[in-house]
Amino acid sequence: MEESIETIRQQMQSLRETIENHNYRYYVLDAPIIPDAEYDRLFRELQQLEQRYPELMSPDSPTQRVGAAPLKEFRSVVHRTPMLSLNNAFEDKEVEAFDRRIREELKIDDVDYAVEPKFDGLAVGLTYENGLLVRGATRGDGYTGEDITANLRTIKSIPLRLPVQFPPALLEVRGEVLILKADFERLNLEQQKKGEKLFANSRNAAAGSLRQLDSSITARRRLTFFAYGLGVHEGGTIPYKRHSEELAYLASLHFPVVCEYKVVSGVAALLAYYRQMAASRDRLPYDVDGVVYKVDDLTQQKQLGFVSRAPRFAIAHKFPAQEAVTDLLDIEVQVGRTGALTPVARLAPVFVGGVTVTNATLHNEDEIKRKQIRIGDKVIVRRAGDVIPEVVGIVPEQRSSHAKPFSMPDLCPVCGARAVRLPGETVTRCTGGLFCPAQRKQAILHFASRRAMDIEGLGEKLVEQLVDQSIVRTPADLYKLGLAALASLARMAEKSANNVLQAIEKSKNTTLARFIYALGIRHVGESTAKTLAQYFGQLDRLMVADAGQLQQVPDIGPVVALSIADFFAESHNREVIEQLRSCGVTWSESNEMAVPRSHLIQGKTFVLTGTLPNMARDEAKDRIERLGGKVTSSVSSKTDYVVVGTDPGSKYDKAVQLAVPLLDEAGLIELLEGRAEKCESKDDVG
Ligand SMILES: NC(=O)c1ccc[n+]([C@@H]2O[C@H](COP(=O)([O-])OP(=O)(O)OC[C@H]3O[C@@H](n4cnc5c(N)ncnc54)[C@H](O)[C@@H]3O)[C@@H](O)[C@H]2O)c1
Ligand SMILES: [Zn+2]
């Protein structure tokens, strides 16, 4: 017995230290490392132990205190009346108990409650003397806060002077400073661009922005303020007897007050408000982590009073946590309909956002690197609203020595084709587009679509059935379909099955551009397909072109070139194309082939004179040089072209004199894009 009490004492001590450490990170550094739900769990565990073993209670326990002491860097402000915290309810029955206690204490049957959203920001007190804002402070430890007057003055929705002729001698307004969801997203984007630390959530972003020693930083962050109460009111008549009237009074003084508050009575109404707010939570412009119920009558509030760190007349009913901690058991790679490889976290089951979650997205390789995630880590999982659960980060303190780094596979885990990540893209993709089972439905639908092979009647439902029953695996299988198979499978009328077969038959006669587009090569849309068809004239030439040769094609940059080369490098894709041809898919080809862009420009000398209508001189120079041309400043007999804009100088006269060919902007663009002339196909391409 003796020993077990000792173990419990140690357990409580260790809990207190852990909680204090999290308090420090949350309240002082504005940078927590665990989700609120995890913190709340630890806090409750300690509270329960303290209730069971009151003899082990300690007056310096975090359960007896509010927040954390103010930072020395700020001047401190002593609050005239303390700024307390709120007790929490997580379950309906805790709300029922709250209401019961209040009715018993007040000895009445019906209590009016003001109900309002619980903002996830930080509390501040604003002191007005004779109507003038003289001081603004954080909550701090509830008794002493930090003087952040200069910072609070930068928040535009906070009145600097009360808009009334006879303001009270002293008024202390309490409310929450927060950052709207949209502003939070923007702030984190900017932080990311600047390579600075990202904020874990909007509360920390608001707190971190407000508790700056340099108020010009605060001024640059878009902070918002909502008033929800009064601390002190001296002088003049006091025009309210209820909390809800207090809110109306604050609004009349031009303080922002939420419109979502109301007055209700009875537990059922409290819970109904809770459900209604929970349902609209994702649509609100600010983050809320619950709702607050407050006894509306101020005399009754006084009668109920306070315990250690929170009032008795109010309670916060918290929403289900949207973040929780769990174990990352493994990382699996899934292949989507478009061939994108997505790393997915396999998790130890965890209750978050109202459901049990066992899988969460890790987005892509870069995100895993940025968040330093390893297999075996303790991870923070977030599930907000209907959004797919995601892993937002790790708990670095809890990394085990067995944690394994992850790397993206080189091959598609579904079909074994090469998986590549194009320059400038974050997503790794399977290159086996025509063959990969994961991409089948998408590939076949695209193949049959109107602007591709134009197979009428081959819609989503039919493709779904054909693929699910393994009748069609690749587009080539479409041309092997028989009437019996089609009619039986879809329970289709023979007539419509016949129509589909006819449409398939008809599609055999196509154009090279349509066929290229139908292959569904990433980055090859209809117009690129046309350009490729025109340029190469024959499919075989396109299929063997390497990325360098592809870049000679007008409008084709390095990324698109790589994507095309990767696609045709995949032998499974080539096999399917072969099958399609042997099934009778044909188009007319041309022996002509366009001149590679560089052949028109490479080694040629250009002189620019005058102003071109659209292209800046630097741009023209740059584009010529990228294709191997030279731009010089004076015209001689060695000059190949003089590009003439408006108000040309003496270079123009010289060109005319030496009979150097002249180009206008349009002519230059034709050269640059390789459209200037056609010649017989050369063997060096292909
Ligand atoms: N993740 C961590 O490491 C960590 C550490 C410490 C605290 N926390 C979080 O902070 C909470 C405790 O913080 P707390 O003591 O500030 O309590 P709290 O935030 O749960 O409740 C009190 C506060 O609610 C705010 N509030 C919002 N809307 C209000 C309204 N309409 N009326 C009145 N007050 C309103 C006020 O700022 C008030 O001070 C914990 O539950 C936990 O979620 C997290
Ligand atoms: Zn694949």
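Residues numbered from 1 in each chain as written. Chains lettered and ligands numbered in written order. Predicted model: local features only at pLDDT ≥ 70, side-chain atom pairs only at ≥ 80, totals over all residues.

Draft legend 1. Region of interest: the pairing of strand β4 (residues 122-129). Burial analysis of β4 places seven of its eight residues in the buried class, the great majority of the element. Bridge count for β4 against strand β7 (residues 170-178) is eight bridges, and the pairing is antiparallel. Note that in β7 the partner of L122 across the bridge is V177. Here β4 pairs with strand β5 (residues 132-138) via six bridges, running antiparallel. (Buried ≥ 20, exposed ≤ 12 C-beta atoms within 10 Å, placed from the backbone. Helix = DSSP H or I, 4+ residues; strand = E, 2+ residues; numbered from the N terminus. Pairing = 2+ DSSP bridges.)

Draft legend 2. Quick peek at the site of ligand 1. Around ligand 1, a shell composed of 24 residues is seen, among which Y26, P32, D36, S85 and A123 lie nearest. Counting only elements with at least two residues in the shell around ligand 1, the list comes to α1 (2-28), α2 (36-52), β3 (112-119) and β4. Element by element, the count of residues in the shell around ligand 1 is highest for α1, at four residues. Of the residues contributing to the shell around ligand 1, the split by class is 12 nonpolar, five polar and seven charged. When residues are assigned to domains, the shell around ligand 1 turns out to be shared by domain 1 (2-64) and domain 2 (76-318), each giving three or more. (Near = placed C-beta within 6 Å. Nonpolar A, V, L, I, M, F, W, Y, C, P; charged D, E, K, R; others polar. Domains from an automatic or database assignment.)

Draft legend 3. Region of interest: the sheet that holds strand β23 (residues 630-632). Sheet architecture is open: four strands sit in the order β23-β22-β24-β25, paired in parallel fashion. Of all the strands in the sheet, just β23 and β25 (662-663) have a single pairing partner and so form its edges. The strands touched by helix α25 (residues 650-658) are β22 (605-609), β24 (641-644) and β25; relative to β24, the strand with the most contacts, the crossing angle is about 140°. (Contact = placed C-beta atoms within 7 Å. Axes fitted to C-alpha atoms, helices over the stretch in contact; angles between N-to-C directions.)

Draft legend 4. Summary view of the environment of G432. Tracing the sequence through the fold places G432 in the loop between β20 (428-430) and α12 (440-448). The spatial distance from the C-alpha of G432 to the C-alpha of G416 is 8.2 Å, given a sequence separation of 16 residues. Not counting the four nearest positions on each side in its chain, G432 is found in contact with C412, C415, A417, E570, H572 and N573.

Draft legend 5. Looking closely at the domain arrangement of the protein. Under the domain assignment, the protein is made up of domain 1 (2-64), domain 2 (76-318), domain 3 (323-398), domain 4 (433-590) and domain 5 (597-680). One C-alpha centre belongs to domain 3, the other to domain 4, and the line joining them spans 36 Å. Every contact between the two is made by five residues of domain 3 and, on the other side, six residues of domain 4. Grouping the constituent residues of the side of domain 3 that touches domain 4 by class yields one nonpolar, three polar and one charged.

Draft legend 6. Representation of the UniProt feature "binding site: NAD(+)" (unreviewed entry) in the protein in the model. UniProt feature "binding site: NAD(+)" (unreviewed entry): in the numbering of this structure it lies at D36, A37, E38, Y39, D40, S85, L86, E116, R139, E176, K294 and K318. The greatest C-alpha distance among the residues just named is 25.9 Å, and with 283 residues of sequence between them they are spread in space as well. Here A37 is to be found in helix α2. With respect to the element layout, D40 can be found in helix α2. (UniProt positions renumbered as here; feature names shortened; annotations may be inferred.)

Draft legend 7. Expanded view of the environment of N591. With respect to the element layout, N591 can be found in the loop between α22 (571-582) and β21 (592-594). For N591, a count of 8 C-beta atoms within 10 Å translates into the label exposed. Residues N591 and G537 lie 54 residues apart in sequence; the distance between their C-alpha atoms is 6.4 Å.

Draft legend 8. Geometry of the packing of helix α3 (residues 92-106) against helix α9 (residues 267-280). Contact pair α3 / α9: the axes reach a minimum separation of 10 Å and the direction vectors enclose 140°. Here α3 lies oblique to α9, going by the angle between them. Of the two possible hands of crossing, α3 and α9 adopt the one that is right-handed. Taking contact as the criterion, the partners of D92, V95, E96 and D99 in α3 are, on α9, V267, L270 and L271. When grouped by side-chain class, the residues that make up the contact of α3 with α9 number four nonpolar, no polar and three charged. (Parallel < 35°, antiparallel > 145°, perpendicular 65-115°, else oblique. Left-handed = near helix turned anticlockwise from the far one by under 90°.)

Draft legend 9. Spotlight on the sheet that holds strand β13 (residues 314-318). Reading across from one edge, β2-β13-β10-β3-β9 is the order of the five strands in this open sheet, with mixed pairing throughout. Strands with a single pairing partner mark the edges of an open sheet, and in this sheet they are β2 (88-89) and β9 (262-265). In this sheet, strand β10 (residues 288-295) lies alongside β3 in antiparallel orientation, the contact comprising seven bridges. By the bridge assignment, F119 is partnered in β10 with V288.

Draft legend 10. Layout of the packing of α12 against helix α13 (residues 460-468). Put simply, α12 and α13 touch, their axes get as near as 10 Å, and they point 135° apart. Between α12 and α13, the crossing angle belongs to the class labelled oblique. The two elements α12 and α13 meet at a crossing, and its hand is right-handed. Between α12 and α13, the contacting residues are R440, K441, I444 and L445 on the first element and E460, V463, E464 and V467 on the second. Counted by class, the contact of α12 with α13 contains four nonpolar, no polar and four charged residues.

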